[in-house]
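Inside the fold
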Amino acid sequence: MKRLIPIFTLMFIAISASAQSDTLYISLPKGEIAKFAVDQIYSMGFIPVTSQGDFPTEDDSTDLLWVNPAERPKLLLEAAGRDCGKELGAHIEIEDYQYDEIADFTKELVKGCSTEYQKYNKVYSWIRNNIKYEYTDNKPYTVFTQKKGICQGYADLLTVMLHSLEIPCITVNGFIPEGGHAWNYLNADDHWYMSDPTNGFKFDIDDVASYQNRFNVTAIQASLFEDEYCTYNYYNQTLNVESFKSGNSVVYVPYSVNGFKITSVNPTKEDSKDIKELYLGKNIETLDIDGNTFGINLRYKSIEIVEVDPNNSYMSSSHNVIYKGDQMYLVAPAAKFVQVKPIKLDKESKLKNLEKLECIVFESGTERLDAYVVEYCPNLKKAYIPEDTEVDQNAFSNVHPDFEIIRGEYDGEYD
């Protein structure tokens, strides 16, 4: 959230303030009092602090949590339009010469077809009649040339073949009664269809009742929406921030996009190296999949500051650390300074691989620092630890050669 600029800490050593009307009284050392008009303070360059800052406000967008899971892809794809299926999914591995060979074959295959749906149906039938279900290298070209593969190979090959015909097609992943599965959604003649080339199912997307009990999409392998700050996808059954766009050092994740509530920030691709500060509103419910916040940690290591709206009921933040309940959830990957609440701290902590971290403060009430609480923080030079906190001899591993532990209360003088 917004902060006072650094000169504030240089001007005043011990500060206590109270606002009365438009006047601010600030106590200085030796009992002296400085009196300023509030407007005069702001004119010096200080930023007024508000309780809400720039966190997004709630709107009447659709929360996918309350939508039938089988209907979510329909709503999202129809809102996104044909453009969201024009690019090959980033997960598809194919060389240019391989793509060209498949494209030449596909264009010859559909000669005589006049509509996009007829072309799709021709390609779908060819895959059904020629690809054998067998475990092998599942890349589209291998499936195409060796005529065998499993569901991911079937779906990705359909995506590539239709893409070569300029028919938007997307691979999706999820579950069917038999287990994990991959299949497709495609847009033919400006209408969306669902297609499972592995098992021989195809449906009009509007006919949700016919497929809702069999197909449960967990991830759509395509960018659905974008704004000036982020791109968004459907990932882990949530509307998710897929990437942060270049050119923005500060990002406040919006409450919604294209009429849908954003509930997840777990980037699945890297874009910006500019982002320094990340602010999450009360709409954000998760940053992870299966408890691992790798999306931010691995793809956006430039983030120095993270903060969560105080009204968020799923997580909280303090001094560049995000918590879920009494568990550390995420530490800003490029933070130089962090202050940790008095929680249980063991080798599962998130205080690892923080290359920029220079100083860490453990708050009063911290009972113990187990072995390997802090690891692979090569620039960490100082750790402030309460006098009564037990510290395992291996609590700090792979830190700066000049690292020192300072016992006692943090004095707030870290530079």
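Just above, that's the structure.
So, here's what we can say about the structure.

It is worth spelling out the packing of aromatic side chains at this point. Tallied over the entire structure, the rule returns 22 aromatic pairs. The interplanar angle of 65° and the centroid separation of 5.4 Å between the aromatic rings of Y117 and Y120 together place this pair among those described as edge-to-face. Separated by three residues within a single helix, Y117 and Y120 lie in helix α5 (residues 116-130), roughly one turn from each other. Here the aromatic rings of F203 and Y211 are separated by 5.5 Å at their centres, their planes lie at 45°, and the arrangement is tilted. Judged by its relative accessible area of 1%, Y211 is buried. Joined through ring pairs, the aromatic side chains of W183, F201, F203, Y211 and F215 make up one cluster.

Counted by the stated rule, this structure contains 19 salt bridges. Note that D83 and K86 form a salt bridge whose closest N and O atoms lie 3.1 Å from each other. Ionic pairing is found between R214 and E178, a salt bridge with its closest N-O pair at 3.2 Å. Remark: E178 occurs in the loop between β6 (169-176) and β7 (179-188) and R214 occurs in the loop between α8 (208-211) and β10 (216-220); sequence separation between them is 36 residues. Taken together, the shared-partner salt bridges connect R368, D370, E390 and D392 into one network.

This part is about helix α7 (residues 151-163). In an α-helix, one full turn covers 3.6 residues, which means residues spaced three or four apart are oriented alike. End to end, α7 covers 18 Å across 13 residues, agreeing with the expected 18 Å (1.5 Å per residue, within 8%). Along α7, eleven of the 13 residues are buried, which leaves the element largely enclosed by surrounding structure. Taken as a whole, α7 has its buried residues at C151, G153, Y154, A155, D156, L157, L158, T159, V160, M161 and L162.

A separate point is the sheet that holds strand β14 (residues 250-252). Sheet architecture is open: three strands sit in the order β14-β17-β18, paired in parallel fashion. Strands with a single pairing partner mark the edges of an open sheet, and in this sheet they are β14 and β18 (305-308). Ignoring which end each strand starts from, the neighbouring axes of this sheet average 10° apart. Pairing analysis gives four bridges linking strand β17 (residues 277-280) to β18, with the strands arranged parallel. Of the residues in β18, the one forming a bridge with E277 is I305.

Moving on to the side chain of S264. One can find S264 in the loop between β16 (260-261) and β17. By relative accessible area, S264 is classed as buried at 3%. A polar atom in the side chain of S264 sits 2.8 Å from the side chain of N240. Setting aside residues up to four positions removed in sequence, S264 forms contacts with T238, L239, N240, V241, I284 and T286.

Take unusual backbone geometry next. Of note in the backbone geometry, E166 takes a positive phi value of approximately 65° without being a glycine. Tracing the chain through its elements places E166 in the loop between α7 and β6.

Attention shifts here to the environment of M328. Inspection of the secondary structure assignment puts M328 in strand β21 (residues 327-331). With 13 residues separating them along the chain, M328 and K341 place their C-alpha atoms 8.9 Å apart.

Taking 1.5 Å of rise per residue, the 15 residues of α5 would be expected to cover 21 Å, and the 21 Å separating its terminal C-alpha atoms lies within 8% of that figure. By the burial criterion, the buried members of α5 are E116, Y120, V123, Y124, W126 and I127. Buried residues of α5, viewed axially, fall in a sector of 160°; they line one side. Buried positions along α5 lie against α4 (96-109), α6 (140-146), α7, β7, β8 (191-196) and β9 (201-204).

With respect to the helices, strands and loops of the structure, D309 is situated in the loop between β18 and β19 (316-318). Classification of D309 by relative accessible area gives buried; the value is 2%. Considering only alpha carbons, one finds D309 and I284, 25 residues apart in sequence, at a separation of 9.3 Å. Here the side chain of D309 touches N311 through a polar contact of 2.9 Å, landing on its backbone nitrogen.

A word on the nonpolar core. Within the largest apolar cluster, 76 residues are counted, with the highest numbers of intra-cluster contacts made by L351 and F396. For this core, the element with the most residues is β21, which contributes four residues. Excluding its chain neighbours within four sequence positions, the residues that come into contact with L351 are M328, V331, V338, V340, I360, F362, V373, V374, E375 and C377. With 27 residues, the next largest nonpolar core counts A103, F144, V160 and L165 among its residues.

Here we take up the sheet that holds β21. In spatial order, the strands read β19-β20-β21; together these three strands make up an open sheet with antiparallel pairing. Where the open sheet ends on each side, the last strands, each with one partner, are β19 and β21. Strand-to-strand, the axes of this sheet are offset by a mean angle of 35°, without reference to chain direction. Note that strand β20 (residues 321-324) and β21 share four bridges and pair antiparallel. Following the sheet pairing, V321 is matched in β21 by V331.

Moving on: the packing of α5 against α7. Close contact between α5 and α7 brings their axes to 10 Å; oriented N to C, the two are set at 145°. In this structure, the crossing between α5 and α7 has a hand that is right-handed. Along the contact surface, α5 presents Y120, V123, Y124, W126 and I127, while α7 presents Y154, L157, L158, M161 and L162. Tallied by class, residues from the contact of α5 with α7 come to ten nonpolar, no polar and no charged.

Conventions used here
Residues numbered from 1 in each chain as written. Predicted model: local features only at pLDDT ≥ 70, side-chain atom pairs only at ≥ 80, totals over all residues. Heavy atoms only, no water. Phe/Tyr/Trp six-rings, centres within 6.5 Å; stacked < 30°, edge-to-face > 60°. Helix = DSSP H or I, 4+ residues; strand = E, 2+ residues; numbered from the N terminus. Buried < 20%, exposed > 50% of the residue type's maximum accessible area, 1.4 Å probe, protein only. Salt bridge = Lys/Arg side-chain N within 4 Å of Asp/Glu carboxyl O. Expected span 1.5 Å × (residues − 1). Pairing = 2+ DSSP bridges. Axes fitted to C-alpha atoms, helices over the stretch in contact; angles between N-to-C directions. Polar contact = N/O pair within 3.5 Å; in protein donor to acceptor, adjacent residues only side chain to side chain. Contact = heavy atoms within 4.5 Å. Arc of directions from axis to C-beta. Core = buried A, V, L, I, M, F, W, Y, C linked by side-chain atoms within 4.5 Å. Left-handed = near helix turned anticlockwise from the far one by under 90°. Nonpolar A, V, L, I, M, F, W, Y, C, P; charged D, E, K, R; others polar.

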